[in-house]
Amino acid sequence: YSQGIGLPAKLINGGVAGLIGVTCVFPIDLAKTRLQNQQNGSRLYTSMSDCLIKTIRSEGYFGMYRGAAVNLTLVTPEKAIKLAANDFFRFHLSKDGQKLTLLREMLAGCGAGTCQVIVTTPMEMLKIQLQDAGRIAAQRKLMPQTVAPGGPVEVKSPTAMQLTRELLREKGIAGLYKGLGATLLRDVPFSIIYFPLFANLNNLGKKGAEGPAPFYVSFISGCIAGSTAAVAVNPVDVIKTRLQSLTRGNQEDTYSGVTDCIRKILRNEGPSAFLKGAYCRALVIAPLFGIAQVVYFLGVGEFILSFLPKRNN
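Because the structure is predicted, anything quoted here is derived from the model rather than measured.

**A short note on the overall build of the protein**
Helix and strand counts for the protein come out as 12 helices and 0 strands. From first element to last, N terminus to C terminus, the protein shows the α and β order α-α-α-α-α-α-α-α-α-α-α-α. Within the span of the protein, comprising 313 residues, buried residues form 51% of the whole. When contacts within the protein are restricted to residue pairs at least 6 apart in sequence, those whose partners lie at least 24 apart make up 79%.

**Brief notes about the side chain of D237**
Mapped onto the elements, D237 comes out in helix α9 (residues 234-244). The buried category is assigned to D237, whose relative accessible area is 0%. A polar contact of 2.8 Å, which involves the side chain of D237, links it to the side chain of R186. In contact with D237, not counting residues within four places along its chain, are K32, Q36, R186 and R281.

**What about the packing of helix α7 (residues 180-204) against helix α8 (residues 215-232)?**
Taken N-terminus to C-terminus, the directions of α7 and α8 make an angle of 155°; their axes are 8 Å apart at the nearest point. In terms of axis orientation, α7 runs roughly antiparallel to α8. Of the two elements, α7 crosses α8, and the hand of that crossing is right-handed. Only V217, S218, S221, G222, I224, A225, G226, T228, A229, A230 and A232 of α8 make contact with α7, whose side of the interface consists of F190, I193, Y194, L197, F198, L201 and N202. Residue classes in the contact of α7 with α8 are distributed as 12 nonpolar, 6 polar and no charged.

**What to know about the packing of aromatic side chains**
Counted under the stated rule, the structure contains 7 aromatic pairs. Look at F26 and Y65: their rings are 6.1 Å apart centre to centre, the planes differ by 15°, and that puts the pair in the stacked class. Here F26, found in helix α1 (residues 7-37), pairs with Y65, found in the loop between α2 (48-59) and α3 (68-93); they are 39 residues apart in sequence, far enough to count as distant. A residue is classified by how much of its surface remains accessible, and F26, at 2% relative accessible area, is buried. For Y65, a relative accessible area of 22% corresponds to the partly exposed category. Residues Y194 and F195 carry aromatic rings whose centres are separated by 5.5 Å and whose planes lie at 70° to one another, so their mutual orientation is edge-to-face. Ring-pair connections join several aromatic residues into one group, and the members of that group are F26, Y61, F62 and Y65.

**A closer look at a nonpolar patch on the surface**
A cluster of nonpolar side chains, contributed by Y216, F219, I220, I224 and V294, occupies part of the molecular surface with about 440 Å² of accessible area. Broken down by element, the nonpolar patch gets its largest block of residues, 4 residues, from α8. Considering the arrangement of structural elements, one finds Y216 in helix α8. For Y216, a relative accessible area of 53% puts it in the exposed group.

**What to know about the confidence of the model for the protein**
The predicted model of the protein has a mean per-residue pLDDT of 82, with 87% of residues at 70 or higher. Model confidence for the protein, summarised as mean pLDDT per element, is weakest for helix α12 (residues 300-305) at 72 and strongest for α9 at 93. With pLDDT under 50 throughout, residues 150-155 is counted as low confidence; its partners more than four residues away or in other chains account for 13 contacts.

**Considering α3**
Between its terminal C-alpha atoms α3 stretches 36 Å, which fits the 38 Å expected from 26 residues at 1.5 Å a residue. The axis of α3 is deflected most strongly, by about 40°, at L74, and proline P77 appears within four residues downstream.

**Section: α9**
Spacing of three or four residues puts side chains on the same side of an α-helix, whose turn is 3.6 residues. The element α9 is largely enclosed, with a buried count of 10 among its 11 residues. Along α9, the positions that sit buried rather than exposed are N234, V236, D237, V238, I239, K240, T241, R242, L243 and Q244.

**Here we look at the nonpolar core**
Membership of the largest hydrophobic core comes to 26 residues, with the highest contact counts inside it found for M48, F190, Y194, I285, L288 and F289. Elements with a contribution of two residues or more to this core: α1, α2, α4 (102-142), α7, α8 and α11 (278-298). Considering each element in turn, this core owes the most residues, 5 residues, to α11.

**Examining the environment of P122**
Inspection of the secondary structure assignment puts P122 in helix α4. Since its relative accessible area comes to 12%, P122 is described here as buried. Residues P122 and Y177, spaced 55 residues apart in sequence, show a C-alpha to C-alpha distance of 5.7 Å. Contact partners of P122, with chain neighbours within four places excluded, come to V117, L176 and Y177.

**Details of the environment of P196**
The residue P196 is located in helix α7 in this model. Measuring from C-alpha to C-alpha, the distance between P196 and A225 comes to 8.7 Å, with 29 residues separating the pair along the chain. In this structure, P196 is in contact with L102, E105, M106 and S191, ignoring residues within four places of it in sequence.

Here is what the cut-offs are and how they apply
Residues numbered from 1 in each chain as written. Predicted model: local features only at pLDDT ≥ 70, side-chain atom pairs only at ≥ 80, totals over all residues. Heavy atoms only, no water. Helix = DSSP H or I, 4+ residues; strand = E, 2+ residues; numbered from the N terminus. Buried < 20%, exposed > 50% of the residue type's maximum accessible area, 1.4 Å probe, protein only. Contact = heavy atoms within 4.5 Å. Polar contact = N/O pair within 3.5 Å; in protein donor to acceptor, adjacent residues only side chain to side chain. Axes fitted to C-alpha atoms, helices over the stretch in contact; angles between N-to-C directions. Parallel < 35°, antiparallel > 145°, perpendicular 65-115°, else oblique. Left-handed = near helix turned anticlockwise from the far one by under 90°. Nonpolar A, V, L, I, M, F, W, Y, C, P; charged D, E, K, R; others polar. Phe/Tyr/Trp six-rings, centres within 6.5 Å; stacked < 30°, edge-to-face > 60°. Patch = residues over 30% accessible without salt bridge, like charges linked within 9 Å, V, L, I, M, F, W, Y side chains within 5 Å. Areas by Shrake-Rupley, 256 points an atom, 1.4 Å probe, with all protein chains shown as cover. Salt bridge = Lys/Arg side-chain N within 4 Å of Asp/Glu carboxyl O. pLDDT = per-residue confidence, 0-100. Expected span 1.5 Å × (residues − 1). Bend = angle between axes of the 7 residues up to and from the residue. Core = buried A, V, L, I, M, F, W, Y, C linked by side-chain atoms within 4.5 Å.

Structural data, given as structure tokens:
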């Protein structure tokens with residue numbers, strides 16, 4: 001992320017980037033979730049474009065934004081925690097302001113990824129139920145033999161509040177944190193890969209030792225680092241998506257944990273199943289971090305803060 005700006009401005013930049021990014025790429029993220037949740041014998045979609053076309057036909061244009069409200073509500077605190085944590089760890093790992101070593105950059109990213117799951121896990125948990133509801137509904141209509149009636153949370157058109165109340169009533173706060181282990185296994189390696197890779201790619205394009213990199217270098221660096229990290233952790237993202245899905249067809253596997261999920265996917269679907277939705281995830285993450293660089297370049301956070309009254313010391 002950009003250096004030389006204060007933490008409040010960074011938090012605003014992260015929040016604005018998250019809101020714009022989620023709005024732009026959410027349909028692709030919905031296709032990723034549905035493709036990852038498909039199991040043998042209940043395949044409705046052959047590709048990302050096929051999924052989006054069928055979604056629009058059966059659910060309308062806004063069907064592509066199922067679950068977006070949850071992300072839009074929680075993406076700002078998620079980005080705030082991630083950015084603040086990364087800055088915190090980088091500051092405490094640096095020695096007298098010297099440049100961080102690669103290992104220390106990775107440790108800072110690890111700390112940021114660990115902290116962000118406080119918000120990420122319940123956000124992803126609710127988002128996946130809402131995104132996958134259309135797939136289950138389509139299965140009931142087009143492939144009724146594959147869907148078992150009932151399920152842990154089954155309402156005709158579930159809302160985030162309905163799902164939250166149901167989970168809290170049945171399982172308490174732990175219900176919202178189902179898949180916490182898999183989320184950690186995804187987000188910690190992602191941050192370990194992304195933050196150092198972006199910082200080093202961005203440094204390659206700097207005009208001078210102290211000067212900032214040109215905008216287009218930061219944009220390209222964000223896209224490359226984001227998509228690389230996204231594809232690298234996609235197998236864990238598949239596992240996380242499967243573990244957090246509460247409603248599934250009666251011919252689809254259920255999983256008791258990470259190791260059980262890995263074993264059943266390998267046995268029933270083969271290793272290639274862990275790459276399901278990988279290109280969708282890369283298409284989601286690359287623009288998100290590209291947009292983040294646009295927001296930083298425009299100085300949105302600093303612009304907003306300039307309108308706030310300044311305290312006298």
